[in-house]
Amino acid sequence: MEQVFSTKCFGGEQRVYKHKSKATGTDMEFAVFLPRAALDGFVCPSLVYLSGLTCTWENVTTKGLPQMHAAKHGMIFIAPDTSPRGEAVANDDGYDLGQAASFYLDATQEPWAPHFQMESYLTDELPDLLIDALPVDEDAIGITGHSMGGHGALTLALRHPDLFHSVSAFAPITNPVDCPWGQKAFNAYLGPDESQWAQHDACALIKEQGWDGDILIDQGLADDFMSSQLKPWAFEAACREAGVDLTLRLQGGYDHSYYFIASFLADHFAWHADRLE
């Protein structure tokens, strides 16, 4: 890993790393905040944050102020990019497919399959890099995310419960097999076989295998995407059917923006800290 940026922040350091990824076949960047304890060499719990459509690691690190909350709880905060990037990487004219819109899965269809291997990157390659290079406690890693990243947080936690020990989300796409964003992405990345889609749908996964812990979701009621794309009610019903403890907080007046995320990010850090302690 090459460290390309570092600055002092809330007693710790905000860093950005770059490395050549075997999973995606491209250079990848990710941001890491190290609290003071981590800089002193103490192993710390970590929270991975997956961003939404059109975003990079930079959105949350500059707009959400996660460093303040991570410093308070002595947690490492990790923000990967939303997709592989570069001139040789397939893309689409729409904002909801291609670069910055990976949906955090391993694509099986051309032209996406050569580079869009984000599930393998996030659950195999990146954790090994982090654990080898930084004082990350491999038994205390949580995951959260926003919108497409909330979808990624839920599905990756459900598919990899040995890696992620706590999960929450902000306005996640909970039922992508039944919304325009998910249907477009899944058809492109995974092909027309909808049985393959269900393996990356949080509602289907929770019904099939459940979740040993509890889940926290915040959803703004002024979110224009709530009914058509996010479908929190579908996930609430799936959790009820599976007997999973879901806290779904409906926040009146809040939209889909980073103002919403910044308003409740402290609660999510505290929630993960309690479960990763």
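Data block above holds the structure.
Residues numbered from 1 in each chain as written. Predicted model: local features only at pLDDT ≥ 70, side-chain atom pairs only at ≥ 80, totals over all residues. Heavy atoms only, no water.

A. Just the overall build of the protein, in detail. When you go through the protein residue by residue, the secondary structure sums to eleven helices and nine strands. At 17 Å, the protein has a C-alpha radius of gyration in line with the 19 Å of a compact globule built from 277 residues. Its C-alpha atoms put the protein at 50 × 40 × 35 Å along the principal axes. In the protein, buried positions account for 58% of the 277 residues. Within the protein, contacts between residues separated by at least 24 positions form 70% of all contacts whose residues are at least 6 apart in sequence. Surface accessibility of the protein: about 11,200 Å² in total, with carbon and sulfur atoms responsible for 46%. (Helix = DSSP H or I, 4+ residues; strand = E, 2+ residues; numbered from the N terminus. Rg over C-alpha atoms; globule rule 2.2 N^0.38 Å. Buried < 20%, exposed > 50% of the residue type's maximum accessible area, 1.4 Å probe, protein only. Contact = heavy atoms within 4.5 Å. Areas by Shrake-Rupley, 256 points an atom, 1.4 Å probe, with all protein chains shown as cover.)

B. How the structure looks around a nonpolar patch on the surface. A cluster of nonpolar residues, F10, L65 and M68, forms a patch on the protein surface that exposes about 260 Å² of accessible area. Structurally, the position occupied by L65 is in the loop between α2 (57-63) and α3 (66-73). Judged by its relative accessible area of 38%, L65 is partly exposed. (Patch = residues over 30% accessible without salt bridge, like charges linked within 9 Å, V, L, I, M, F, W, Y side chains within 5 Å. Salt bridge = Lys/Arg side-chain N within 4 Å of Asp/Glu carboxyl O.)

C. Fine view of the sheet that holds strand β3 (residues 27-34). Strand order in the open sheet formed by nine strands is β1-β2-β3-β5-β4-β6-β7-β8-β9, and the pairing between neighbours is mixed. If you trace the sheet from one side to the other, it starts and ends with β1 (2-9) and β9 (245-251), each paired once. If you compare each strand with its neighbour and ignore which way they point, the axes differ by 20 degrees on average. Where β1 meets strand β2 (residues 12-20), seven bridges bridge the pair, whose relative direction is antiparallel. Counterpart to F5 in the pairing with β2 is V16. Sheet contacts for helix α4 (residues 118-133): β2, β3, β4 (44-50), β5 (76-80) and β6 (136-145); angle to β3, the most-contacted strand, approximately 50 degrees. (Pairing = 2+ DSSP bridges. Axes fitted to C-alpha atoms, helices over the stretch in contact; angles between N-to-C directions.)

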